[in-house]
Amino acid sequence: MTALPDDAEETTPEVLDVVLEGGGVKAIALVGALDVLSEHGFEYARIAGTSAGAIVGAVLAAMVRADEPMSRLDEITRSLDYGALRDRRSGLRWLDSAPGPLELLADAIAVGRHDGAYSGAALRDWLDGVLADLGVRTFGDLRLDDPGGDGQMHDRYRLVVTASDLSRRLFVRFPWDYGDYGLDPDEQGVGAAVHASAATPYLFEPVELRGVHGTSTLVDGGLVANFPIGIFDRLDGKDPRWPTIGIRLQAAVRTDTPVDPVRDPVHLGIALVETAVEGAQTTRALAPYNLARTIGIDTTGVGSFDFDITAEQRDLLIANGRAAARDFLEGGWPISRPAMVPSPVPPGSGDR
């Protein structure tokens, strides 16, 4: 169990909580920004992520636990084959691998049979393997010893990932909210929670969670809060012991975005989700106190589900992430003044 400083005066300015926005394939850019923060000597107390941000966050949390050099984050994430994520289950093997227009038919059949074009099994297998290599299987492996915290759930784990419970109409934060399902947080798999957080409706099959209320259907946490920048903010009026930095995958709200035609019912569903997610985040993400603690990365030209991303596009996303983090740090971010959030903090935050 990793220990955190128990007193604000003993905490060095290099300690951070970090919140990672979801964005599908664009989350590659998060790696570049995190590389720069690590190169500047920052260490991560807690990590929160949504959807693809949860994937990166889980790997990062496991690396911190294993005391792995942060330079390995790029190496590990490069081992993910994005093309393999298109693991259809239409029920017709020949159709699942068919090219061209037949892909649309395969997607439609898979959505009708399983509520998602892709199963998500390839992503889950890759993530479980990476985490196991780093010594992490359950949230119990990511427990924290934090004598300076308030003793509540928010202070007990290095990682929190978000999901949307469609059955109970709730935004859930794992492992914090497992108790509401009658489950022991320490015994729940990290990979399963991240899988749920990344289960974009219509694209990936939902994840089921059996609890005391019955079986819940879980999907992408970004459906409710794709950038939960306030998830670690204190609610007791005390100054935070260290700052929170958020990393977004959109540097600014664009009005000149190219038209992306909606070609079929599957793409219509995905477009509805993406539009709702982005619209829901804009107001809070652009609030001055959140802009002051957010690294915004330009990911123009790469779509969230461009699974055919080229090596050149990947390298550009990494470079843009690095440039955004450098600009943020060189722009006079008030590292010595972590209390940048006014009181009261919006509801739904934690307490660190």
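Parameters and conventions
- Residues numbered from 1 in each chain as written.
- Predicted model: local features only at pLDDT ≥ 70, side-chain atom pairs only at ≥ 80, totals over all residues.
- Heavy atoms only, no water.
- Helix = DSSP H or I, 4+ residues; strand = E, 2+ residues; numbered from the N terminus.
- Buried < 20%, exposed > 50% of the residue type's maximum accessible area, 1.4 Å probe, protein only.
- Lys, Arg positive; Asp, Glu negative; His and termini not counted.
- Salt bridge = Lys/Arg side-chain N within 4 Å of Asp/Glu carboxyl O.
- Polar contact = N/O pair within 3.5 Å; in protein donor to acceptor, adjacent residues only side chain to side chain.
- Expected span 1.5 Å × (residues − 1).
- Arc of directions from axis to C-beta.
- Core = buried A, V, L, I, M, F, W, Y, C linked by side-chain atoms within 4.5 Å.
- Contact = heavy atoms within 4.5 Å.
- Phe/Tyr/Trp six-rings, centres within 6.5 Å; stacked < 30°, edge-to-face > 60°.
- Lys NZ or Arg CZ within 6 Å of the ring centre and 35° of its normal.
- Axes fitted to C-alpha atoms, helices over the stretch in contact; angles between N-to-C directions.
- Parallel < 35°, antiparallel > 145°, perpendicular 65-115°, else oblique.
- Left-handed = near helix turned anticlockwise from the far one by under 90°.
- Nonpolar A, V, L, I, M, F, W, Y, C, P; charged D, E, K, R; others polar.

Things to note about the side chain of Arg158
Now for step 1: Within the fold, Arg158 resides in the loop between β5 (144–145) and β6 (159–165).
Now for step 2: One buried charged residue, Arg158, remains without a salt bridge, the closest side chain of opposite sign being Asp17 at 7.6 Å.
Now for step 3: Of note is the side chain of Arg158, whose polar atom sits 2.9 Å from the backbone oxygen of Tyr44.

Digging into helix α6 (residues 121–133)
Now for step 1: Helix length check: α6, at 13 residues, gives a terminal C-alpha distance of 18 Å against a target of 18 Å (1.5 Å per residue), a fit within 8%.
Now for step 2: Among the residues making up α6, those that are buried are Leu123, Trp126, Leu127, Val130 and Leu131. Taken down its axis, α6 places every buried residue within 125° of arc, on the same side. Turned more than 90 degrees from where α6 packs its buried face, Asp125 and Asp133 sit exposed.
Now for step 3: Where α6 ends, the next residue or the one after it, Gly135, has phi of about 85°, a positive value.

Some words on the nonpolar core
Now for step 1: With 76 residues, the main nonpolar core has Leu34, Phe174 and Ile247 as its most contacted residues.
Now for step 2: Top contributing element to this core by residue count: helix α2 (residues 52–65), with 10 residues.
Now for step 3: Ignoring anything within four residues of it in the chain, the contact list for Phe174 reads Phe139, Leu159, Val160, Val161, Ala163, Tyr181, Ala193, Leu209 and Leu218.
Now for step 4: Val19, Phe227, Ile229 and Phe232 belong to the second largest nonpolar core, which has 8 residues in total.

Some words on the pattern of salt bridges
It is possible for side chains of opposite charge to pair when their charged atoms get near one another.
Now for step 1: Summed over the entire model, instances satisfying the criterion amount to 12 salt bridges.
Now for step 2: Note that Glu39 and Arg322 form a salt bridge whose closest N and O atoms lie 3.0 Å from each other. Of this pair, Glu39 sits in helix α1 (residues 28–39) while Arg322 sits in helix α11 (residues 311–330); the two residues are 283 residues apart in sequence, bridging distant segments of the chain.
Now for step 3: By relative accessible area, Arg322 is classed as partly exposed at 21%.
Now for step 4: Note that Glu75 is salt-bridged to Arg72, the shortest N-O span being 3.4 Å. Pair noted here: Glu75 and Arg72 are both in helix α3 (residues 72–78), with a separation of 3 residues, about one helical turn.
Now for step 5: Beyond isolated ion pairs, a larger network of salt bridges with shared partners links Asp74, Arg78, Arg314 and Asp315.

Side note on the packing of aromatic side chains
Now for step 1: Tallying each qualifying case throughout the model produces 8 aromatic pairs.
Now for step 2: Cation over ring: Arg248 sits above Phe227, and NZ or CZ is 5.7 Å from the ring centre.

Some remarks on the environment of Asp220
Now for step 1: In this structure, Asp220 sits in strand β10 (residues 214–220).
Now for step 2: Expressed as a C-alpha distance, the spacing of Asp220 and Thr50, which sit 170 residues apart in the sequence, is 7.6 Å.
Now for step 3: Setting aside chain neighbours within four positions, we find Asp220 in contact with Thr50, Ser51, Ala163, Ser164, Ala196, Ser197, Ala199, Thr200 and Pro201.
Now for step 4: Engagement of the side chain of Asp220 in a polar contact is seen with the backbone nitrogen of Gly222, the distance being 2.7 Å.

Comments concerning the environment of Thr300
Now for step 1: Mapped onto the elements of the fold, Thr300 is located in the loop between β12 (294–296) and α11.
Now for step 2: You can call Thr300 partly exposed: its relative accessible area is 43%.
Now for step 3: In sequence terms Thr300 and Asn320 are 20 residues apart; their C-alpha atoms lie 10.0 Å from each other.
Now for step 4: Separated by 2.5 Å, the side chains of Thr300 and Asp298 make a polar contact.

Topic: unusual backbone geometry
Now for step 1: Put simply, Phe174 and Pro175 share a cis peptide bond, and its omega is 15°.
Now for step 2: Mapping Pro175 onto the fold places it in the loop between β7 (170–174) and α7 (190–197).
Now for step 3: Positioned with a positive phi, Asp67 is a non-glycine residue whose angle comes to about 60°.
Now for step 4: Among the structural elements, Asp67 can be located in the loop between α2 and α3.

Looking at the packing of α2 against α7
Now for step 1: Their axes nearest at 8 Å, the elements α2 and α7 cross at an angle of 160°. Between α2 and α7, the interaxial angle falls into the category roughly antiparallel. Where α2 crosses over α7, the two elements pack in a sense that is right-handed. Of the residues in α7, those in contact with Ala54, Ile55 and Ala58 of α2 are Val190, Val194 and Ser197.
Now for step 2: Classifying every residue of the contact of α2 with α7 gives 5 nonpolar, 1 polar and no charged.

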